[in-house]
Amino acid sequence: MKTYILQRFIQMIIVMLVVMLVSFIIVELPPGDFLTTLREQLTEQNVDPKVIDSTVEMYRARYGLGENWVIRFGKWAWSLMKGDMGYSMQHNRPASELMGERLSLTMWISIATLVFMFIVAVPIGMLSAIRQYSAWDHSFTFLALLGVSVPSFITALVFLLLSVTLLGATTVAGLFSPEYVTAEWSWAKFVDMLKHVWIILFIVGLGDTAGTIRVMRARMLDTLGEPYIDTARMKGLSSAKVYFRHALRVAINPIISSIGMRFPQIISGSTIVAIVLTLPLIGPLLLDSLLGEDVYLACSILVVLTLALVIGNFLADLALAWLDPRIRFES
Amino acid sequence: MNNAPDSDKVLDIRNLEVSFRSIAGTTRAVNGVSLDVRSGEIVGLVGESGCGKSVTIRSIVGLVPSPPARFENGEIWLRTRRGMTETVSLFKDTKALRQIRGRDVSMIFQEPMRSVHPMMTIGKQITEGILEHEVVDPAEAYERTIEMLDLVGLPNPAGQMNRYAHELSGGMRQRALIALALVCHPQLLLADEPTTALDVTIQAQILELIRDLRERMSMSVLLITHNMGVVANLADRISVMYLGKIVETGTVEEIFKEPAHPYTQGLLASMPSLFSQPKTHLQSLRGVVPELSMVPKGCVFADRCPHVMPKCDETPPVVELRADHSTACWLYADVEEPHGPDAATTLPAPSDDGAQAESVPSVDVIQLTRSEPVSDTGEAPPVDDGSVQLQIENVALHYPILRGLLRRQVGTVRAVDGVDLTIRRGETLGLVGESGCGKTSVGRLVTRLVEPSAGRLRFGADGQLEEITHISQKEMKRVRRSMGMVFQDPLSSLNARMNVRNIVGEPLMLHEIARGKAVDERVGELLEMVGLRAAHQSRFPHAFSGGQRQRIAIARALATEPSFLVADEPVSALDVSVQAQILNLLLTLQEQLSLSMLFIAHDIAVVRHVSDRIAVMYLGKIVELGNALEICVRPIHPYTEALLASIPLPMPGLETVRELPKGDLPDPANPPTGCRFHTRCPYSQPICAEEEPVLRPLSGAADHFGACHFQDELDLQGVEEIGDLSPPAVVNAGENMSNTQAT
Ligand code: SF4
Ligand code: SF4
């Protein structure tokens, strides 16, 4: 078990390094010197030449520009680790400032979506398998199919439309009511966010939830057909024990192992929704930076997202190892 | 409960009818089955796949999901702790049913590998059963579980408690499952093909265990199996089932000595036994078990029965032949005294498998000149006069075991570890051994599907031997034209998306032997040669039954007119009667096309039946090699003796007195030192663990090789001796059947 965790941990570090290296190469790729570009930009904006000089100098030192690439990479990576995400050309502000709140909101929404997905999809999928071909099964199979095939931005648009036309609402879009958007964090703001967030969870999580229902149903059906389930039944166990103690823990395996993979999906899914509903998430910022060729910002976001993904995967692996002895003994 | 059966019966099934509804219609899987099991008795329910055995046995405990199943008729009475209980009426009352399961009646299943929960410790799984039924504290349940594990013969029972399924071998899992089933002392154990998935020596151990536990726990057993040998050794009474009906019931002795129903006779005759005349055609039933929806009216066996008569359109009555022997067949309905003393000899016998029987007279085997293997014993290799088809010298196949992130090599599996073999033209060499012994790897090596790690392969397509050890794939393609291959699982070895014409014709096109129309013609010929219709070229593999698919695979293997065929377990996935058809086909084709063959199988009876010589493999080494009959009559290696002893003989009352090999097969990655068999050998001496015996001829017999230190001293038992001891019943029954003319 220890070697397993260690292995996974090393893998995680390796993946992180590779992604950072690739990002770094992308950052370095644009022709011309970053400093030159920066200087030009700042000059264009009529910044005081002294400030320009000092800013440029600061970046030169920080990123070791002009030295060999290993040192440059090291310095860049180090500053990333310290939380310095670089400088956004487009917005003319440090990237970390831009990402700040958006990042944490995105994380919270992603995690909440995952939890939502689990709580909704696992029981529904399980029951659909147990009651195969029942009315319950048929309806959720249909709904899940719908959920998988309707793109989330359509759901978002439909929601917008419905709430504006039917409810006369003006505040569906966004994560906060207008009066809280710029307000400091407070209990009231938090409560206000909760009021809005469930719609977002629903819209963002619908596709994944539907997919998970289908996976769960199929896995549960497979598992119920396994001989060890017959063994369990023949002990005289109640159906509930057979389903929960014996079948569920096997059936849920692939769903847990897919958690890590779901993060990027949720983030990209939420991006589109965030654009439609004008939510302050990280996705739109990434899109923006990519469109604006804002390399530092884009790469920083990528690195941070990868970090989240890799950590998510690591946690999923740990959970799996804890659940499944076969994995625990593998190493 | 006034119609409850007498208390002597543990189980009484009366006229059970179960049907399944689907969109395709209703099929009746169990069609009026009556069956009983008395106290302390072991009853065998025998039949081929798809005949309804499993549904019957699962119905007893309500494990058949309904819907789609419908219990149309019948009662199942079971002796429980609350007296006789009718279980069909309980199917809706899951609580009552649950109290019976595991406590009054238990069940073990066919696939021990998959029947233990993969993510729960053994101990937890078993104690769970106790805690479900009895009010005991967990510590006591824990203790009892350990005792039970000890009783089923698991080594270090306390240590097994915290282990998981994947840490146990198949045999150990089946033992654990038996412990799980019996921990609450049920009166009846239902065993659904409990040994089918296990290796032969392990199968023998498990059967022994069941027999032993029956006494010690004074329980009854209902055992279902397709293997006549298994019931002969274990059961007191037998019921033979065919397409949802019991066609014959009787004591083991009666059924084996005087099988009455044509189906029983056919089943018995189609098994290659250790007594049959090798290389002769087996009596096989024609055709295959039909789909349930195509069951003939009247007698269900009518479409395959060699004695079918007009009356068979009506359902035959159950005729009592003796007190404990009954059959459902018209042949006996009118006979005034059906149970005369010589009933058996007057019984009509099934004729040979239709089509093939006509075209092929029984094969007369010309005794081949015996060949010696090339071995490191200094034997002169045979002169290369073109009479040798294949010669492999000191061939090895080693796999690295890789671990960890960096795929470091932490060990080596020596799948094949220095094997010498010679196959002469026209000869069949049988290669026999249990799983993991490397026999399949040898087959893959000689066809160069895998690269040998060491050694030399020489193959003579049609003339001199030619070195093929390291020739390029392109050259190998030319050589492969002379090699055919048939594998175990016809479904997975045939591309499901290709039609039969392309499957069989592919080698023709690959080797540019034929093109376009010519392919169709040749494929048609090939199909007819293997007993299929040429017109079926455009069909896809799934439209055929298992036996037919194997015929297609054989046709494909023979498309390029090879002189050499590798057959790797070609019949082990097939039903008994179909198995006989395929063996017959292989024998016929070998004769017609003068093929040389490497025949690989785990069942020494099957191997003996088709081979001229046999090589016995154990953990990557050949431990014995010699003439097929000789090896079975006078084995010189203890492992061969063990293999022979493990084959359940279809001869009741014949207890094998020989000691069975102990324990499990060792890990091939870590074989024992010295003689690899010493961990399981009953004759093992200190030297065996230290020095590795080499394969050398038995003194005084230049063509019989063994790799045992004591082969010249040991007096091992083969089969013929045992055959002589017993009444010659079965041997003769088989003979009689073929001699008696059908009415
Ligand atoms: S003789 Fe008639 S009744 Fe008897 S098995 Fe054959 S077909 Fe059935
Ligand atoms: S060498 Fe020893 S252990 Fe090996 S088979 Fe012979 S007697 Fe048994």
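Conventions used here
- Residues numbered from 1 in each chain as written.
- Chains lettered and ligands numbered in written order.
- Predicted model: local features only at pLDDT ≥ 70, side-chain atom pairs only at ≥ 80, totals over all residues.
- Helix = DSSP H or I, 4+ residues; strand = E, 2+ residues; numbered from the N terminus.
- Buried ≥ 20, exposed ≤ 12 C-beta atoms within 10 Å, placed from the backbone.
- Contact = placed C-beta atoms within 7 Å.
- Domains from an automatic or database assignment.
- Nonpolar A, V, L, I, M, F, W, Y, C, P; charged D, E, K, R; others polar.
- Near = placed C-beta within 6 Å.
- pLDDT = per-residue confidence, 0-100.
- Pairing = 2+ DSSP bridges.
- Core = buried A, V, L, I, M, F, W, Y, C linked by C-beta atoms within 7 Å.
- Axes fitted to C-alpha atoms, helices over the stretch in contact; angles between N-to-C directions.
- Expected span 1.5 Å × (residues − 1).

Chemist: Is there a simple way to think about the overall build of chain A in this case?
Modeler: Within chain A, the regular secondary structure consists of 16 helices and two strands. Seen through its principal axes, chain A has C-alpha atoms that stretch 85 × 60 × 35 Å. Relative to its 331 residues, chain A shows a buried fraction of 30%. Across chain A, every contact between residues at least 6 apart in sequence was considered, and the portion connecting residues at least 24 apart equals 69%.

Chemist: Could you clarify how one ought to interpret the domain arrangement of chain A in this entry?
Modeler: In many reports, interface size means the accessible area that the parts give up when they come together. Residues and elements named next belong to chain A. Each domain of chain A was delimited in the assignment, giving domain 1 (2-95) and domain 2 (107-330). Taken together, the 20 residues of domain 1 in the interface contact 19 residues of domain 2. Sorting the residues of the side of domain 1 that touches domain 2 by element identifies α1 (2-28) and β1 (87-88) as the ones contributing at least two each. The leading source of residues in the side of domain 1 that touches domain 2 is α1, at eleven residues. In terms of residue class, the side of domain 1 that touches domain 2 is built from 15 nonpolar, four polar and one charged.

Chemist: Would you mind going over the site of ligand 2 with me for this structure?
Modeler: Neighbouring ligand 2 are 14 residues; C675, H678, C681, C688 and C708 of chain B lie closest to it. Residues belonging to the shell around ligand 2 are distributed by class as follows: nine nonpolar, five polar and no charged.

Chemist: I keep staring at the confidence of the model for chain B and nothing clicks. Help me out?
Modeler: Low pLDDT marks regions whose predicted coordinates should not be analysed in detail. Residue and element names in this part refer to chain B. Mean pLDDT over chain B: 80, with 87% of residues reaching 70 or higher. Every residue in residues 336-381 scores below 50 in pLDDT, and together they form 88 contacts with partners more than four places removed in sequence or on other chains. Between residues 721-743, whose pLDDT stays under 50, and residues either more than four places distant or in other chains, the model counts 32 contacts.

Chemist: Help me out: how do you make sense of unusual backbone geometry in this one?
Modeler: Trans is the prevailing form of peptide bonds, just as negative phi is the prevailing case for residues other than glycine. Residues and elements named next belong to chain B. Even without being glycine, L243 reaches a positive phi, approximately 45°. With a phi close to 55°, E561 is a non-glycine residue in the positive phi region. Position of E561 among the secondary structure elements: in the loop between α20 (546-557) and β19 (564-568).

Chemist: In this structure, what is going on with the site of ligand 1? I would like to understand it.
Modeler: For ligand 1, the set of nearby residues contains 14 residues, the closest of which are C299, C305, C312, C329 and W330 of chain B. Tallied by class, the residues present in the shell around ligand 1 amount to twelve nonpolar, two polar and no charged.

Chemist: Which parts of the structure should I look at to understand the pairing of strand β22 (residues 621-627) of chain B?
Modeler: Strand residues, when the strand is regular, have side chains that alternate between the two faces of the sheet. Residues and elements named next belong to chain B. Buried residues dominate β22, accounting for six of its seven residues. Strand direction decides the pairing type here: strand β21 (residues 613-618) and β22, joined by six bridges, are antiparallel. Within β22, the residue paired with A615 across the bridge is L625. If you look at the hairpin formed by β21 and β22, you'll find two residues sitting between the two strands, and L619 has a positive phi there, around 45°. Across two bridges, the pairing between β22 and strand β24 (residues 701-706) is antiparallel. Note that in β24 the partner of L625 across the bridge is F705.

Chemist: Honestly, the domain arrangement of chain B in this entry has me stumped. Any pointers?
Modeler: Residues and elements named next belong to chain B. Parsing chain B into structural domains produces domain 1 (37-58 + 97-250) and domain 2 (259-275 + 282-336 + 344-359 + 727-739). Between domain 1 and domain 2, the contact holds twelve residues from the first and 16 residues from the second. Counting residues per element, the ones that place at least two in the side of domain 1 that touches domain 2 are β9 (237-242) and β10 (245-251). Per-element accounting of the side of domain 1 that touches domain 2 gives the leading share, five residues, to β10. Class assignment of the residues belonging to the side of domain 1 that touches domain 2 gives a composition of six nonpolar, three polar and three charged.

Chemist: Hey, could you run me through the nonpolar core in this one?
Modeler: Inside soluble globular proteins, nonpolar side chains tend to come together where they are buried. Core analysis: the largest hydrophobic core is formed by 265 residues, its most contacted members being A176, A179, L222, F599 and V616 of chain B. Residues within four places of A176 of chain B in sequence aside, it is in contact with V116, I122, L149, L154 and L168 of chain B.

Chemist: Help me understand the pairing of strand β15 (residues 428-432) of chain B, please; the structure alone is not making it clear to me.
Modeler: All names here are of chain B. Among the five residues of β15, five are classified as buried, and the element is accordingly described as predominantly covered. Alternating positions in β15 separate into two faces, T428, G430 and V432 on one and L429 and L431 on the other, with burial throughout. For β15 and strand β20 (residues 596-601), the ladder comprises five bridges, and the chain directions are parallel. In the strand pairing of β20, G430 is matched with F599. Summarising the sheet, β15 and β21 pair through four bridges and their orientation is parallel.

Chemist: Help me understand the sheet that holds β20 of chain B, please; the structure alone is not making it clear to me.
Modeler: In a beta sheet, neighbouring strands are held together by backbone hydrogen bonds and run either parallel or antiparallel to one another. Residue and element names in this part refer to chain B. With mixed pairing, eight strands are arranged side by side in an open sheet as β18-β19-β20-β15-β21-β22-β24-β23. One side of each edge strand has no neighbouring strand; the edge strands of this open sheet are β18 (483-486) and β23 (696-698). Recorded for the sheet is a direction-independent mean angle of 25° between the axes of neighbouring strands.

Chemist: Quick question: what am I supposed to make of the sheet that holds strand β7 (residues 188-192) of chain B here?
Modeler: All names here are of chain B. Strand order in the open sheet formed by eight strands is β6-β7-β8-β3-β9-β10-β12-β11, and the pairing between neighbours is mixed. Each end of this open sheet is capped by a strand with a single partner; those strands are β6 (105-108) and β11 (318-322). Averaged over all neighbouring strand pairs, the angle between strand axes comes to 20°, with direction disregarded.

Chemist: How do you make sense of the interface of chain A and chain B when you look at a structure like this?
Modeler: Contact residues are listed per partner, giving 23 residues for chain A and 27 residues for chain B. Elements that contribute at least two residues to the side of chain A that touches chain B include exactly α1, α10 (227-234), α11 (239-251) and α16 (325-330) of chain A. Broken down by element, the residue count for the side of chain A that touches chain B peaks at seven residues, all from α10 of chain A. In the side of chain A that touches chain B, the residues fall into nine nonpolar, seven polar and seven charged.

Chemist: Would you explain the environment of R478 of chain B in this entry?
Modeler: Residues and elements named next belong to chain B. Tracing the chain through its elements places R478 in helix α16 (residues 473-480). Look at R478 and you get exposed, because 11 C-beta atoms sit within 10 Å. Between the C-alpha atoms of R478 and A605, which are 127 residues apart in sequence, the distance is 35 Å.

Chemist: Explanation requested: the environment of G170 of chain B in the structure shown.
Modeler: Residues and elements named next belong to chain B. The topology assignment puts G170 in helix α7 (residues 170-182). Looking at G170, the number of C-beta atoms within 10 Å reads 20, which means it is buried. The spatial distance from the C-alpha of G170 to the C-alpha of A269 is 31 Å, given a sequence separation of 99 residues. The residues contacting G170, other than those within four sequence positions of it, are P112, M113, A197, L198 and I202.

Chemist: Any chance you could explain α7 of chain B here in plain terms?
Modeler: Helical geometry: 3.6 residues make up each α-helical turn, so side chains three or four residues apart lie on a common side. Given a rise of 1.5 Å per residue, 13 residues ought to cover 18 Å, and the 18 Å separating the end C-alpha atoms of α7 of chain B matches this to within 8%. Along α7 of chain B, 13 of the 13 residues are buried, which leaves the element largely enclosed by surrounding structure.

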